[in-house]
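The chain contents come next:
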Amino acid sequence: MFKKFFRISPQSFELVCQLLGANEQLAKRTYRGGRQEIPLEKKVMIVLRYLASQETILGISDRFNITVSTFTKYREKVVNAINDLLPRFVQWPEELILSPIKFNEMGTYEFQNIIGAIDGSHIPIEQPLECPNSYYNRKKFHSVILQAVCKDDLSFVNICVGMPGRCHDAKAFKHSHLSEIGDELCRQGQYHILGDAAYALMRWLITPFRDNGNLTREQYNFNKFLSSKRQVIERAFALLKGRFRRLKYVSIRDIKCICKIISACCVLHNICLQSDEDIAEFIDAEIDELDANLGENFPVNADNGEGILKRNNLTIELNRVNS
């Protein structure tokens, strides 16, 4: 019942409380009379219920016997405290030798030296106060973009939150810090992450051949090999949104607050995976329909020369080992 209501296991809840207990803003103050302060566990439960559902703030406040103003205060404090954990729980994999092995073992096909998969996901939001037209996407709803890279176990190793929904994934990527440091993180092309055709091909970011109707058999096979491995990021988003249903629609108009809530969900997502939770019941494939076709008609990006050479070599090698 606990897991169904809060969308995390009791074990993960205990870990979250333990981690947040060290946060100064959430530390219990010395009692000096008057109303007793809400225990940390209850503060965390209130926010978890908010993130786990589309229940109204008024409904949650009534359920936990607190005022709306008290809910708002503790939502901000708990979400900020969770965001403070981001550098610890959302970090680039140090075990660069292990990640490619685990990716290569996934599915039917071999594909060496993968350390992650990248994509963007649209988080529906209320019409924001500032620049609302920028957030109105081609599917005719307001959204912000969550760009993420995940590992084989669905955990996020890099996130960038907040680009307006009208942007293409390629533009969101271009404005992210990852675009500047990705080559270094991937050891100058020794390793790579996988993206879809919205991204420019580089030696550290491998994308499929664009299908203009004249792909060779080897190129078609390469796209199939890449797609089979890249699906992990789609599953990661489906798990994130399936567990934290607040991300189906964030009814807040302040973009900074929205971004903090999204990134807090990403941190909690990784904490839950670290606790070895059973994830099958949370993955919600239907939510991914929001992202369907939002990447269509993206501008064609100039592929990097080293990326073209690397993909051509990979195409030859992967067709050989998977034949």
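To be clear, the structure that these remarks concern was listed above.
Nothing here was measured: the structure is a model prediction, and the numbers come from that model. (Residues numbered from 1 in each chain as written. Predicted model: local features only at pLDDT ≥ 70, side-chain atom pairs only at ≥ 80, totals over all residues. Heavy atoms only, no water.)

What to know about the overall build of the protein
- Of regular secondary structure, the protein possesses twelve helices and five strands.
- By the compact-globule yardstick of 20 Å for 323 residues, the protein fits well, its C-alpha radius of gyration being 21 Å.
- Dimensions along the principal axes, computed over C-alpha positions, put the protein at roughly 75 × 40 × 35 Å.
- Taken over 323 residues, the protein has a buried fraction of 53%.
- For the protein, contacts bridging at least 24 residues in sequence account for 71% of all contacts bridging at least 6.
- Entry remark: accessible area of the protein is about 15,800 Å², with carbon and sulfur atoms responsible for 49%.
- Considering the protein, the positive charge centre built from 42 side chains and the negative charge centre built from 39 side chains are found 6 Å apart. (Helix = DSSP H or I, 4+ residues; strand = E, 2+ residues; numbered from the N terminus. Rg over C-alpha atoms; globule rule 2.2 N^0.38 Å. Buried < 20%, exposed > 50% of the residue type's maximum accessible area, 1.4 Å probe, protein only. Contact = heavy atoms within 4.5 Å. Areas by Shrake-Rupley, 256 points an atom, 1.4 Å probe, with all protein chains shown as cover. Lys, Arg positive; Asp, Glu negative; His and termini not counted. Charge placed at Lys NZ, Arg CZ, Asp CG, Glu CD.)

Observations concerning the packing of aromatic side chains
- Counted under the stated rule, the structure contains ten aromatic pairs.
- Pairing F5 with F6 gives two aromatic rings, centres 4.9 Å apart and planes at 90°, and the pair type is edge-to-face.
- With relative accessibility at 6%, the residue F6 sits in the buried group.
- Each ring, one from Y109 and one from F225, has its centre 4.9 Å from the other, and the planes form 50°; the classification is tilted. Of this pair, Y109 sits in the loop between α7 (98-105) and β1 (114-124) while F225 sits in helix α10 (residues 217-243), placing them 116 residues apart in sequence.
- Judged by its relative accessible area of 4%, F225 is buried.
- Here R246 stacks its cationic end above the ring of Y50, 4.0 Å away from the centre of that ring.
- The cationic tip of R311 hangs over the ring face of F209; the distance from NZ or CZ to the ring centre is 4.0 Å. (Phe/Tyr/Trp six-rings, centres within 6.5 Å; stacked < 30°, edge-to-face > 60°. Lys NZ or Arg CZ within 6 Å of the ring centre and 35° of its normal.)

What about the sheet that holds β1?
- If you walk across this open sheet you meet the five strands as β3-β2-β1-β4-β5, and the pairing is mixed. The open sheet has two edge strands with one neighbour each: β3 (156-164) and β5 (205-206).
- Both β1 and strand β4 (residues 192-194) contribute to a ladder of three bridges, which runs parallel. Residue pairing in the sheet places I114 in a bridge with H192 of β4. (Pairing = 2+ DSSP bridges.)

So, the environment of N319
- Here N319 lies in helix α12 (residues 305-321).
- Residue class for N319 comes out buried when judged on its relative accessible area of 15%.
- Along the chain, N319 and Y220 lie 99 residues apart, while their C-alpha atoms are 10.0 Å from each other.

Points about the state of the cysteines
- For the coordinates displayed, the defined rule picks out zero disulfides.
- For the unlinked cysteine C257, the closest cysteine sulfur is that of C259, found at 9.3 Å.
- No disulfide involves C266; its sulfur sits 7.0 Å from the nearest other cysteine sulfur, which is in C265. (Disulfide = S-S within 2.5 Å.)

Considering helix α11 (residues 255-274)
- Relative to the 28 Å expected for 20 residues at 1.5 Å per residue, α11 spans 29 Å between its end C-alpha atoms, a close match to the ideal helical length.
- Of all 20 residues making up α11, 16 are buried, and the element is well covered by its neighbours.
- The backbone nitrogen of K256 has a side-chain oxygen 3.0 Å away, supplied by the residue at the start of α11, namely D254.
- At the C-terminal side of α11, D276 shows a positive phi close to 60°. (Expected span 1.5 Å × (residues − 1). Polar contact = N/O pair within 3.5 Å; in protein donor to acceptor, adjacent residues only side chain to side chain.)

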